[in-house]
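The primary structure of each chain is shown beneath.
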Amino acid sequence: MRTGRIERAWGAEALQPTVGWKVWRVDNGLLVSVLYGDPWPVDEPLQASCVRHDHDAPARACECGIHAGRDLVAWGHYLNVGAESRVFGRVLLWGATVEGAHGWRAANARPAEIFVPSAVTADTEGLEAYGVPIHTLEPVGKLVPA
Ligand SMILES: [Zn+2]
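The written sequence of each chain sets the order in which its residues are numbered from 1. Local features in a predicted model are, by the rule used here, given only for residues with pLDDT of at least 70; side-chain atom pairs are given and counted only at 80 or more, and totals for whole chains, interfaces and linings are based on all residues. Think of the side-chain values as coming from all heavy atoms in the structure, minus any hydrogens and water.

## What to know about the coordination of the zinc ion
Surrounding the zinc ion are the protein donor atoms Cys50 (SG), His55 (NE2), Cys62 (SG) and Cys64 (SG), which sit 2.1 to 2.4 Å from the metal. Counted as donors are the N, O and S atoms within 2.8 Å of the metal, or 3.2 Å for Na, K and Ca, while water is not among the atoms, so some sites may look incomplete. Under the classification used here, a metal with four donors is tetrahedral if each angle lies between 85 and 135 degrees, square planar if opposite donors are over 155 degrees apart and the others between 65 and 115, a six-donor metal meeting that same test is octahedral, and anything else is irregular. For the zinc ion, the four donor atoms in the first shell make angles of 102 to 118° at the metal, a pattern classed as tetrahedral. Binding-site remark: the zinc ion is held by donors from one chain whose sequence spacing is C-x4-H-x6-C-x1-C. In this pair, Cys50 is assigned in the loop between β3 (46-47) and β4 (66-69) and Cys64 in the loop between β3 and β4, connecting sequence segments 14 residues apart. For Cys50, a relative accessible area of 14% translates into the label buried. Here Cys64 falls in the buried class, since its relative accessible area comes to 6%. Secondary structure elements are defined from DSSP: runs of H or I of at least 4 residues count as helices, runs of E of at least 2 residues count as strands, and each element is numbered from the N terminus. Partly exposed residues are those whose accessible area sits between 20% and 50% of the maximum for their type, while under 20% is buried and over 50% is exposed, using a 1.4 Å probe and protein chains only.

Given below as structure tokens:
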């Protein structure tokens, strides 16, 4: 697994982060969560907060935290809806992490690798600022099984 400058600065490397899959929308060259619309900062980790309750995220009995899937298929719906701006990738998750059947909810996250499907027409040049590998995919049929 690749970790970079920011992971080292935040001590994420030592915490042996979990790696999950995530789908984002690209908006003005930034990664934006498809569920809550949070922009992912380019120069620091995304930190979870709870919009419903006054507690640290993620809380076990809540839905808060940064969601990532064990498999990309869990995100298939989000990848196919609005395909012109949807990208996906692997994320590092660390800090408090709640494990579920299909993935995790974590306190901190950073992209580790970004894949840009051929259907994307949004401007993805700004994604370079995340400092992670970006793979542009050739059309090879459906990326995610229906
Ligand atoms: Zn919560």
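What follows continues from the structure just given.
## Examining the environment of Thr18
Structurally, the position occupied by Thr18 is in strand β1 (residues 18-27). For the pair Thr18 and Ala129, spaced 111 residues apart in sequence, the C-alpha to C-alpha distance is 22 Å. Residue contacts are counted whenever heavy atoms from the two residues lie within 4.5 Å of one another. Not counting the four nearest positions on each side in its chain, Thr18 is found in contact with Val91, Leu92, Leu93 and Trp104.

## Structural notes on the packing of aromatic side chains
Pairing of aromatic side chains here covers Phe, Tyr and the six-membered ring of Trp, requires ring centres within 6.5 Å, and sorts the geometry by plane angle: under 30 degrees stacked, over 60 edge-to-face, intermediate tilted. On inspection of all chains with the given rule, the structure shows four aromatic pairs. Between Trp21 and Phe88 the ring centres are 6.2 Å apart and the planes differ by 45°, which places this aromatic pair in the tilted class. A residue pair is termed long-range when its members are at least 10 positions apart, and Trp21 in strand β1 and Phe88 in strand β5 (residues 86-99) qualify at 67 residues. What makes Trp21 partly exposed here is its relative accessible area of 23%.

## Brief notes about the pairing of strand β2 (residues 30-33)
When β1 meets β2, the two strands line up antiparallel, connected through four bridges. Looking at β2, one finds that Asp27 is bridged to Leu30. Between any two strands, at least two bridges found by DSSP are needed for them to pair. Hairpin connection between β1 and β2: a loop of two residues separates the two successive antiparallel strands, and Asn28 in this loop has a positive phi of roughly 50°.

## Quick look at the nonpolar core
In terms of nonpolar packing, the biggest core is built from 19 residues, with Leu31, Trp40, Val87, Leu93, Ile114, Leu127 and Tyr130 touching the most fellow members. Those elements that provide at least two residues to this core are β1, β4, β5 and β6 (103-116). Nonpolar core, defined: a set of buried Ala, Val, Leu, Ile, Met, Phe, Trp, Tyr and Cys residues in which side-chain atoms within 4.5 Å join the residues together. Listed in part, the seven residues of the second largest apolar core include Val23, Trp75, Leu79 and Phe88.

## Considering the environment of Asp71
Mapped onto the secondary structure, Asp71 falls in the loop between β4 and α2 (76-80). Placed 60 residues apart in sequence, Asp71 and Gly131 show a C-alpha to C-alpha distance of 23 Å. Among residues more than four places away in sequence, those in contact with Asp71 are Trp21 and His102.

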